[in-house]
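# Coordinate analysis (summary)
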Number of protein chains: 2
Amino acid sequence: MAIDEVFKAMADPTRRRILRMLSKGELTAGQMALEFDISGPSMSHHFNVLKHADMIRGRRDGQQIIYSLNTTVVQDAMTLFLDVFAKDETQEAPHEDSN
Amino acid sequence: MAIDEVFKAMADPTRRRILRMLSKGELTAGQMALEFDISGPSMSHHFNVLKHADMIRGRRDGQQIIYSLNTTVVQDAMTLFLDVFAKDETQEAPHEDSN
DNA sequence: GGTATATTTAGATGATTGGCTAATTATCTT
DNA sequence: AAGATAATTAGCCAATCATCTAAATATACC
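Nothing here was measured: the structure is a model prediction, and the numbers come from that model. (Residues numbered from 1 in each chain as written. Chains lettered and ligands numbered in written order. Predicted model: local features only at pLDDT ≥ 70, side-chain atom pairs only at ≥ 80, totals over all residues. Heavy atoms only, no water.)

This part covers the overall build of chain A. In terms of regular secondary structure, chain A is built from five helices and three strands. Taken from the N to the C terminus, the helices and strands of chain A come in the order α-α-β-α-α-β-β-α. With 99 residues in all, chain A has 41% of them scored as buried. Expressed as a percentage of contacts within chain A between residues at least 6 apart in sequence, the contacts between residues at least 24 apart total 54%. Summed over all atoms, the accessible surface of chain A reaches about 5,400 Å², with 48% contributed by carbon and sulfur. (Helix = DSSP H or I, 4+ residues; strand = E, 2+ residues; numbered from the N terminus. Buried < 20%, exposed > 50% of the residue type's maximum accessible area, 1.4 Å probe, protein only. Contact = heavy atoms within 4.5 Å. Areas by Shrake-Rupley, 256 points an atom, 1.4 Å probe, with all protein chains shown as cover.)

And the structure:
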């Protein structure tokens, strides 16, 4: 899980809403798309960003793609988040290639 | 603390590094700028983004501006973060009335 | 095979972002 | 008051981003 990609993924409200929906259970791309005002391709783009951050997984079931939250994501993301505020000198820059 | 601004603020690695530095204690704009390869004005821009998200505070001391982490930010930001993965029915914008 | 449905990929576009230099503001020192 | 130092604001530009429409891919059903 790439730090920068996780934070970037979470920077968009649509993607946070997708994560929130998936935290309640699996959903198909279409089911989620129904809840948003944006086009299918735009939804697909967001799924891709989240997938690339390894925050969600998609598997095909017939014509549909079923998306689910990566089960380890909550713990891992929380760790990344805490590290930003870490007072511990030993983990100053966890392993983030800052500019 | 505006949800979207907090997440956007944290989306940039430079800003996360600033937060990490400030989590160890107050620093002046100049002290922080020394640690980065970017120009002063660019640093100032990042301070501004963090200030607008109410994550840091700046006070003048003579010629310098001393920045510090908003002391409530860790708790609040963590709540926002957890809410993204909340399994309960509440939607975005739970609001920060707790403490 | 042919058509409908679900979703993604490709390519374009306007908005936002993060960086820069130059100019400005604020403060300190002499 | 003039000059030095610290930081910000103003204005510009290239890269990234979120969105769209059109086209492509994958699967299901007749």
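A word on the packing of helix α2 (residues 13-22) of chain A against helix α4 (residues 40-52) of chain A. All names here are of chain A. For the pair α2 and α4, the least separation of the axes is 10 Å and the interaxial angle reads 75°. By the angle class used here, α2 and α4 are roughly perpendicular. In this structure, α2 uses T14, R15, I18 and L19 to contact α4, whose residues at the interface are M43, H45, H46, F47, V49 and L50. Looking at the contact of α2 with α4, its residues break down into six nonpolar, three polar and one charged. (Axes fitted to C-alpha atoms, helices over the stretch in contact; angles between N-to-C directions. Parallel < 35°, antiparallel > 145°, perpendicular 65-115°, else oblique. Nonpolar A, V, L, I, M, F, W, Y, C, P; charged D, E, K, R; others polar.)

We now examine the protein's contact with DNA strand C. S44, Q63 and Y67 of chain A together with S42 and H46 of chain B are the nearest of the 26 residues found near DNA strand C. Sugar and phosphate atoms form 77% of the subset of DNA strand C atoms that lie within 4 Å of the protein. Residue N48 of chain A places a side-chain N or O atom 3.4 Å away from a phosphate oxygen belonging to DNA strand C. At 3.5 Å, a backbone N or O of I65 of chain A approaches a phosphate oxygen of DNA strand C. (Near = heavy atom within 4 Å. Polar contact = N/O pair within 3.5 Å; in protein donor to acceptor, adjacent residues only side chain to side chain.)

Turning our attention to the environment of N48 of chain A. Residue and element names in this part refer to chain A. Note that N48 resides in helix α4. Judged by relative accessible area, N48 falls into the partly exposed class, the value being 46%. For the pair N48 and A9, spaced 39 residues apart in the sequence, the C-alpha separation amounts to 9.8 Å.

If you look at soluble globular proteins, the nonpolar side chains tend to sit buried side by side. Counting residues in hydrophobic clusters, the biggest one holds 53 residues, and the most contacted among them are M55 of chain A together with M55 of chain B. Here M55 of chain A is in contact with V6, A9, M10, L19, L50, S68, L69, N70 and V73 of chain A together with F85 of chain B, once residues within four sequence places are set aside. (Core = buried A, V, L, I, M, F, W, Y, C linked by side-chain atoms within 4.5 Å.)

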